[in-house]
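# Structural description and commentary
Next come the chains, spelled out residue by residue.
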Amino acid sequence: MAIVNNKNLITLSSKNSSYQMLISPMGHVLHTYYGSRIADSDDMSYSIAYVDRGNSGNPYDAGADRTYSLDTLPQEFSFQGGGDYRITCLEVQNSDGVFCADLRYKSHSISKGKYSIPNLPASYQDGDNDPCETLTITLSDTVLNIEVDLLYSIFEEKDIITRAVRVKNLGSEALNIHKIYSACLDIMGGEHDLIMFHGKHGEERIPDRIAIGRSCHTVSSGRGHSSHHENPFVIVCDQNANEDFGEAYGMGFVYSGNFAAQVQKDAFQVTRMTMGINSDMFILPLNPGEVFDAPETVMSYSAAGLTRLSHNFHSFIRHNICRGKFKLTRRPVLINNWEATYFDFDGEKIEKIARTASELGVEMFVLDDGWFGNRDLDDKALGDWFVNEEKLGCTMGELAKKVNDAGMKFGLWFEPEMINENSQLFRNHPDWAFKTPDRNPITGRSQLVLDFSRKEVVDEVFSMMTKILDTANIEYVKWDFNRSIADVFSATASVQNRGVILHNFVLGTYDLAERLNTRYPDMYIEGCCGGGGRFDMGMMYYTPQIWCSDNTDAIERLRIQYGTSFGYPTSVVGSHVSAVPNHQTGRLTSINTRGVVAMSGSFGYELDLGLLNEDEKKEVTLQIETFKKYWDVIHNGKYYRLTNPISNTEYCAWLFVADDKSKALLNLVKTHKHFSEGRIYIPFKGLDPQKQYLIEDGNVLTGQTFSGAALMGRGLYLDYDMNEYDATQIYITEVK
Ligand code: GLA
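Let us look at the structure shown here. (Residues numbered from 1 in each chain as written. Predicted model: local features only at pLDDT ≥ 70, side-chain atom pairs only at ≥ 80, totals over all residues. Heavy atoms only, no water.)

Taken as a whole and judged by the stated rule, the model has 37 aromatic pairs. For the pair Phe253 and Tyr255, a centre-to-centre distance of 5.4 Å together with 55 degrees between the ring planes defines the contact as tilted. The exposure class assigned to Phe253 is buried, which follows from its relative accessible area of 0%. Taken together, a centroid distance of 5.2 Å and an interplanar angle of 85 degrees make the contact between Trp338 and Phe343 edge-to-face. By way of ring pairs, the aromatic residues Phe197, Phe233, Phe313, Phe535, Tyr562, Phe566 and Tyr568 are connected into one cluster. Note that Arg641 overlies the ring of Phe566, its terminal NZ or CZ placed 3.7 Å from the centroid. (Phe/Tyr/Trp six-rings, centres within 6.5 Å; stacked < 30°, edge-to-face > 60°. Buried < 20%, exposed > 50% of the residue type's maximum accessible area, 1.4 Å probe, protein only. Lys NZ or Arg CZ within 6 Å of the ring centre and 35° of its normal.)

Right under this line is the structure:
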């Protein structure tokens, strides 16, 4: 049993962790523990301190007991109105404009399996070998006439707990919800750091680690998408935690719109960690009888440092978030024409790029932006999803066939939520774009955002897309989103509903994604948002890989892929070999180095391979064979960060180890060359110390055998000179 109820205690346990809550005599659900696995009979409520603290108010029913205050007690779901002045998860206003809630325990139930959330992405139980139980705690406020369900599912083998919240208006008056977060975790005692993943276009998810002080730290997006700038995944860990040591708590949001993760250490050594929809510009009207489902938060705990925490998330995202035929299987190695041609192509050029790529072993061609309407620059035609047959010299079906005849699958780019003013769609439906009345809109890449909070808009885009997808053999779609949302005004939303437009926009995106997945179950969709600006578990539910960054420079990608790896598995990271000098940075790197870096993701190419010299072409063919040999350990094995490329400016190393420890692939890129430098010792991790390993491929070391203990204790001694930006891969297999 993963969930045990013992009197007023409820304990959720997975393989290595336990989570416990207490229903207090006054009906508050207090948090008692999240940490290493304890016995089901352990009562951790002794760790709650009941102390009379000045200026911390008491519920009226506490009577003379001044030690009972929601301002100081650890809680499962804090709410405004209960006297808790720390971060709250719920703020409700009644029809008289009064802000106040008082949530008390009403009932709870425990069931097998996983809850789902209507119209929102949510993790799921992956077959019978993936035990999962769900706890539903119902809280009620008898004055507001609302019930709040706190949903928890525990995945025993994965050390993951998911949480979601459902609010029901059972009364006869309309309410406004001003804030609703999906998870609150109070961590008692300790000195903690917060790790967050900031970025910008071309530099997404760069880790930033700060000490958690007394102020409230907020990581959030108000851009209408999860954004390049912040990511809905954060870690709170011991200040002395590192990759292999220390306690770490991770929270990720299964949502692609505005989010907030807030962390605050209170006056009494409790660190509160929360996550939910960003409450800026969010007012949700909840009419009598209505129910609102807040998105899911995924939590994990590791007692063994950050690597274990990442492994928990990686496995969970691969098995329980991503869906479809390609979630665990090898995806075709693709070539995308964007950096090869930009808008300057015709059918012949495309066919030529595809044929050369096919001859070298590439398996799929993806036609990027520029094939529709009169789109020959990025300031027109978004929304006109009909094929420019004049430019292609044929129909899309014919082009797909030519590519298929060249031995490759065919994929196509769309940017469904966007529209240019210079488009037929805009001329026909000017009110379909977000625009604030009486003002000029904010443009981004010369485009506006379609109002996906309106079903008829989603319907029309779906219909335009299916007309093309139905008539050509398209096995892959790249779904782009190239600007942030600024003008949040929907021509059809009532005054009361204007605070929920952005959330409804996200639901519109999910609706379209679900319809496409249902209609084309064998097609796979890659997410994209000017690179990695919508890189979150919400999108991963529909798109099992996401273009990680528009920055394709192999050396820059080291930091981006390193940061991304804390929360997300390699299989979701879209990564391509591009041309040199690199189009974003002008840097020169060898085709080998570009291949080594791009292979640590969903691998592909983004250049005209016809322009390579014969040696480079041979290397491309070899690279594809190598990827086919290694992909399983890369996508489905365990990922170890061996160096931090931000602090280690000499080299960057990372490792993949198969779950059964029978093989491993070490990757290393020399990032800076010094005069007279020492050689590199590089220790492995995660091997079996008892096993013997043969270096099957590995430069001058090939053919040597070492024990797992030696490889992890001392590591390999790379006794050869590496030039700046050189890369190496070392593949070891167990000697049976
Ligand atoms: C975005 C994507 C690129 C490419 C262009 C096309 O920037 O991230 O990969 O598809 O759009 O306009």
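Now that the structure is up, let's keep going.
Further remarks concern the sheet that holds strand E34 (residues 692–697). The 6 strands lie next to each other as E30-E31-E32-E37-E34-E35, forming an open sheet whose pairing is antiparallel. Edge positions in the open sheet fall to strand E30 (638–641) and strand E35 (705–707), since each of these has one partner strand only. The sheet shows a mean angle of 25 degrees between the axes of neighbouring strands, taken without regard to direction. (Pairing = 2+ DSSP bridges. Helix = DSSP H or I, 4+ residues; strand = E, 2+ residues; numbered from the N terminus. Axes fitted to C-alpha atoms, helices over the stretch in contact; angles between N-to-C directions.)

All right, on to the site of the ligand then. Lining the immediate surroundings of the ligand are 13 residues, of which Asp368, Asp369, Arg445, Lys478 and Asp550 lie closest. Between the ligand and Asp480 there is a distance of 2.9 Å, counted from an oxygen atom to a side-chain nitrogen or oxygen. Taken by itself the ligand offers 310 Å² of open surface, and the protein chains cover 96% of this. (Near = heavy atom within 4 Å. Polar contact = N/O pair within 3.5 Å; in protein donor to acceptor, adjacent residues only side chain to side chain. Areas by Shrake-Rupley, 256 points an atom, 1.4 Å probe, with all protein chains shown as cover.)

It is worth spelling out the environment of Tyr249 at this point. With respect to the element layout, Tyr249 can be found in strand E15 (residues 248–253). Separated by 62 residues in sequence, Tyr249 and Ile187 place their C-alpha atoms 9.3 Å apart. Ignoring anything within four residues of it in the chain, the contact list for Tyr249 reads Tyr34, Leu185, Ile187, Val234, Ile235, Val236, Met273, Ser300, Tyr301 and Leu309. Within the structure, the side chain of Tyr249 is placed 3.2 Å from the backbone oxygen of Tyr34, a separation counted as a polar contact. (Contact = heavy atoms within 4.5 Å.)

What follows concerns the side chain of His311. Looking at the element boundaries, His311 is found in helix H1 (residues 305–321). Setting aside anything within four residues of it in sequence, one finds His311 in contact with Lys638, Tyr639 and Tyr640.

Let's shift gears to the nonpolar core. The nonpolar side chains of soluble globular proteins are, as a tendency, buried together. Counting 210 residues, the largest nonpolar core has Leu367, Trp371, Met396 and Tyr605 as its most contacted members. Those residues in contact with Leu367, other than ones at most four positions away along the chain, are Asn337, Phe345, Ile350, Leu392, Met396, Leu399, Phe410, Gly411, Leu412 and Trp413. Among the nonpolar cores identified, the runner-up in size contains 23 residues, and Tyr640, Leu642, Leu701 and Met722 belong to it. (Core = buried A, V, L, I, M, F, W, Y, C linked by side-chain atoms within 4.5 Å.)

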